[in-house]
Amino acid sequence: MGLLARINPLVLTAMGGAALAHGATALYDVSLAVGDRDVRPVEQHVHSFLEVLPLTALAFTACLHADQVRKTLRGGSDPQDWRLLPKEHPLPAAYLAGLAGVIVSGVVVPYAEELRRCLRTASRTGNPR
């Protein structure tokens, strides 16, 4: 949302909610893994790094849009505060396409591969996890 929409209380609230959901998912993921196998320190470190990325993005966005943070904390009384509006100066399409490529290759492909391995192992062992 922060790449495509104007930063306002709606976007900041959605980013905060997404960061909380991401943290809860990471905690759940690690708690499941610890029960099934040995979680090595490197994996724990990688998880802790990945867990702070959404919070970092929110913090950077908040620093760049302090006026919108103040509006968010005050409840955003203007109707425009709670609408998803396009950026006044949108990012170039080539930049967004490059970023999408990085996300697909660095996030979607590895997670899809891990899901494939988990499903294959579950079918072999009969374990639904």
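Summary of the structure given here. Predicted model only: the values in this text are computed from it and were never measured.

This brings us to the pattern of salt bridges. Taken as a whole and assessed by the stated rule, the structure comprises 6 salt bridges. Taken together, the salt bridges that share partners define one network made up of Glu113, Arg116 and Arg117.

Attention shifts here to the side chain of Asn8. Among the secondary structure elements, Asn8 is positioned in the segment before helix 1 (9-36). A polar atom in the side chain of Asn8 sits 3.1 Å from the backbone nitrogen of Leu10. From its side chain, Asn8 meets the backbone oxygen of Gln80 in a polar contact 3.3 Å long. Excluding anything up to four places from it in sequence, Asn8 contacts Gln68, Gln80, Asp81, Arg83 and Leu85.

Right, let's talk about the nonpolar core for a bit. Ala5, Ile7, Val11, Leu12 and Met15 form the largest nonpolar core, which has 5 residues in total. Excluding residues within four positions of it along the chain, Leu12 makes contact with Ile7, Leu58, Thr61, Gln68, Val69 and Thr72.

Moving on: the layout of surface pockets. Here the largest pocket is characterised by a volume of approximately 1,800 Å³. Around the largest pocket, the lining comprises 40 residues; the ones closest to its centre are His22, Asp29, His47, Leu50 and Tyr111. Contributions of two or more residues to the lining of the largest pocket are made by helix 1, helix 2 (41-64) and helix 4 (93-125). With 14 residues, helix 4 is the single largest residue contributor to the lining of the largest pocket.

With that out of the way, let us pick up helix 4. A rise of 1.5 Å per residue sets the reference length of helix 4, with its 33 residues, at 48 Å; its end C-alpha atoms lie 46 Å apart and thus fit the reference within 8%. The largest bend in helix 4 is about 35 degrees, located at Val104. Just downstream of helix 4 lies Gly126, where phi reads positive at about 80 degrees.

How each quantity is defined
Residues numbered from 1 in each chain as written. Predicted model: local features only at pLDDT ≥ 70, side-chain atom pairs only at ≥ 80, totals over all residues. Heavy atoms only, no water. Salt bridge = Lys/Arg side-chain N within 4 Å of Asp/Glu carboxyl O. Helix = DSSP H or I, 4+ residues; strand = E, 2+ residues; numbered from the N terminus. Polar contact = N/O pair within 3.5 Å; in protein donor to acceptor, adjacent residues only side chain to side chain. Contact = heavy atoms within 4.5 Å. Core = buried A, V, L, I, M, F, W, Y, C linked by side-chain atoms within 4.5 Å. Buried < 20%, exposed > 50% of the residue type's maximum accessible area, 1.4 Å probe, protein only. 1 Å grid on protein atoms, 1.4 Å probe; cavity = no way out; pocket = protein on both sides within 12 Å on 5 of 7 lines; lining within 4 Å. Points joined across faces, edges and corners; volume = space filled by probe spheres on them. Expected span 1.5 Å × (residues − 1). Bend = angle between axes of the 7 residues up to and from the residue.

Geometry only, nothing functional implied.
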